[in-house]
Amino acid sequence: MKSLLIVWYSRTGAARQMADAAAAHEVNGVAIRLRQAEAAAPDDILNAHGLLFITPETLGSMAGAMKSFFERCYYPALGHLNGRPYGLMVAAGSDGAGAVRDIQRIAAGWRLREAMPPLIISTNAQTPEAINAPKNLGAEDRARCAEMGATFAEGLALGVF
Ligand SMILES: Cc1cc2nc3c(=O)[nH]c(=O)nc-3n(C[C@H](O)[C@H](O)[C@H](O)COP(=O)(O)O)c2cc1C
């Protein structure tokens, strides 16, 4: 049995819905596990065959809780993840590129292998009111996240990644 670990953080709901969608499809031979970034520990990532990181972009980078997860796990996992496949999804008000860039840099340090192109979902939150409001992703965005999660899991099951 393979395992796909989804490490996620969300403040107003978009990235949580992305994580739920990514985990929605059952794929034979793959256990999909969801871990909130605050709770994820080095053992979780060391024991996973594939890793999917899902975070909002804040202040031009990943959210602080996601960065804290990487800081907590970086050195315990360094040298033990070489070549392991990973994917990345970002919930962004308007951009998302900064969070992608920063996580790709950390993933490169871990020698992870990017299994799929990063997916940025825009919530169009650009005013203080919109940014603080609970998010409700549309069906199309949820479907894109579901497809990426399922494709990643199927790739693990087939040994493609
Ligand atoms: C403090 C703060 C800073 C933000 N900075 C950015 C940013 O730099 N780029 C961007 O595209 N969105 C930015 N946003 C918008 C969030 O990415 C957006 O609201 C997203 O939906 C949050 O994800 P969540 O609903 O999972 O919490 C920011 C939001 C907050 C609260």
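Use the structure listed above.
This is a predicted model, so every value here is computed, not measured.

Student: Got a minute to help me understand the overall build of the chain in this structure?
Tutor: Broken down by element type, the chain carries 6 helices and 7 strands. When the backbone C-alpha atoms are referred to their principal axes, the chain occupies close to 45 × 30 × 25 Å. The proportion of buried residues among the 161 residues of the chain is 42%. Counting contacts in the chain only where the partners sit at least 6 residues apart, residues at least 24 apart contribute 87% of the total.

Student: So what exactly am I meant to see when it comes to the pairing of strand β7 (residues 119–122) here?
Tutor: Looking along a regular strand, one sees the side chains alternate between the two faces of the sheet. Only one face of β7 is buried: it carries Leu 119 and Ile 121, and the other face, with Ile 120 and Ser 122, is open. Bridge count for strand β5 (residues 85–92) against β7 is 4 bridges, and the pairing is parallel. Bridged to Ala 91 within β7 is Ile 121.

Student: Could you clarify how one ought to interpret the site of the ligand in this entry?
Tutor: Taken together, 21 residues sit near the ligand, with Ser 10, Ala 14, Ala 15, Pro 56 and Gly 93 positioned nearest. The set of elements that each furnish at least two residues to the shell around the ligand consists of α1 (14–22), β3 (50–58) and β5. No other element matches the 3 residues that β3 contributes to the shell around the ligand. Considering only residue class, the shell around the ligand consists of 8 nonpolar, 9 polar and 4 charged.

Conventions adopted
- Along each chain, numbering runs from 1 in the same order as the chain's sequence is written.
- In keeping with the model being predicted, local features are shown solely for residues with a pLDDT of at least 70 and side-chain atom pairs are shown and tallied solely at 80 or more, while totals for entire chains, interfaces and linings include all residues.
- Secondary structure elements are defined from DSSP: runs of H or I of at least 4 residues count as helices, runs of E of at least 2 residues count as strands, and each element is numbered from the N terminus.
- With C-beta atoms placed from the backbone, a residue is buried if 20 or more other C-beta atoms are within 10 Å of its own, exposed if 12 or fewer are, and partly exposed between those counts.
- We call two residues in contact when their backbone-placed C-beta atoms lie within 7 Å.
- We call two strands paired when DSSP finds no fewer than two bridges between them.
- All residues are tested the same way: a C-beta atom is placed from the backbone, and lying within 6 Å of a molecule or strand makes the residue near it.
- Residue classes follow a fixed rule: Ala, Val, Leu, Ile, Met, Phe, Trp, Tyr, Cys and Pro count as nonpolar, while Asp, Glu, Lys and Arg count as charged, and any other residue, Gly among them, counts as polar.

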